[in-house]
Amino acid sequence: MKNRTQRLLGALAFSVLSMPMFAQLSGSYTIDANGTGTSNYTTFGAATAALSTSGVSGAVTFNVASGTYTEQVTLSAVTGASSTNTITFQGSSTAPSIITYSPASSTTNWTVRLDGADYVTLDNLTIKTGGSTYGRLVNYTGNVANFNLTNCHLTGATVSSTSTNYAGLYYSFPAVAEGNWHVSDNVFDSVSYAAYVY
């Protein structure tokens, strides 16, 4: 019985040691479709998946290479995020870093979504929609605290509609804006509302 117990404990220990371990993110990374290396992510989706899987142990900055990223970006709550362990997506200073997506229904109506994500900064990015019936740009849902949207260019799909389907910044129930929100030095083009919050 003793030997069987020892073998069982040994097998369990081996299983635990064999499980993949994901180091928490901290420091500077790149998002570059043509980039390489362990600190580069080729898509926003890969970067947000790493945040979701690993969390953060310090402030994190993603330096986004110029180019067009055709994808829908959703960022959920990140373990370890705080007033010191912030998460920043920083666009290129040489040429636009563009995120674009074409939503096909009301349930997918956003290019970038914060789903309970706190301490996030979007800076110097171009956020666009390719949609015609639906074209919200930045959407938030859940409790989102301490969000910065700065120096971004948000380009929508309409010049005349008053439908909230074309809002630049929009909330989806249930949503609560908490803490400090800093929305400044942005350009909103072809949107029904720059921000629709109530």
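Residues numbered from 1 in each chain as written. Predicted model: local features only at pLDDT ≥ 70, side-chain atom pairs only at ≥ 80, totals over all residues. Heavy atoms only, no water.

Under the definition given, this model contains twelve aromatic pairs. Geometrically, the ring pair formed by Tyr-41 and Phe-62 is edge-to-face, given 6.0 Å between the ring centres and 70° between the ring planes. In this pair, Tyr-41 is assigned in strand β2 (residues 40-41) and Phe-62 in strand β3 (residues 56-64), connecting sequence segments 21 residues apart. Under the relative-accessibility criterion, Phe-62 is labelled buried at 0%. Counting every residue linked through ring pairs, the aromatic cluster contains Tyr-140, Phe-147, Tyr-170, Tyr-171, Trp-181, Tyr-193 and Tyr-196. A cation over an aromatic ring shows up here: Arg-113 above the ring of Trp-110, its NZ or CZ 4.0 Å from the ring centre. We note Arg-136 situated over the ring of Tyr-170; from NZ or CZ to the ring centre the distance is 3.6 Å. (Phe/Tyr/Trp six-rings, centres within 6.5 Å; stacked < 30°, edge-to-face > 60°. Helix = DSSP H or I, 4+ residues; strand = E, 2+ residues; numbered from the N terminus. Buried < 20%, exposed > 50% of the residue type's maximum accessible area, 1.4 Å probe, protein only. Lys NZ or Arg CZ within 6 Å of the ring centre and 35° of its normal.)

Before going further, it helps to spend a moment on the nonpolar core. With 38 residues, the main nonpolar core has Leu-25, Ile-31, Leu-51, Phe-62, Phe-89 and Leu-122 as its most contacted residues. Residue contributions to this core peak at five residues, all from strand β11 (residues 138-150). Discounting chain neighbours no more than four positions away, the residues touching Leu-122 are Phe-89, Val-112, Ile-127, Phe-147, Asn-148, Leu-149, Thr-150 and Cys-152. (Core = buried A, V, L, I, M, F, W, Y, C linked by side-chain atoms within 4.5 Å. Contact = heavy atoms within 4.5 Å.)

Looking now at unusual backbone geometry. A cis geometry characterises the amide bond from Phe-173 onward to Pro-174, with omega recorded as -5°. Mapped onto the secondary structure, Pro-174 falls in strand β13 (residues 169-184). Of note in this structure, Asn-151 is not a glycine but carries a positive phi near 55°. In this structure, Asn-151 sits in the loop between β11 and β12 (153-155).

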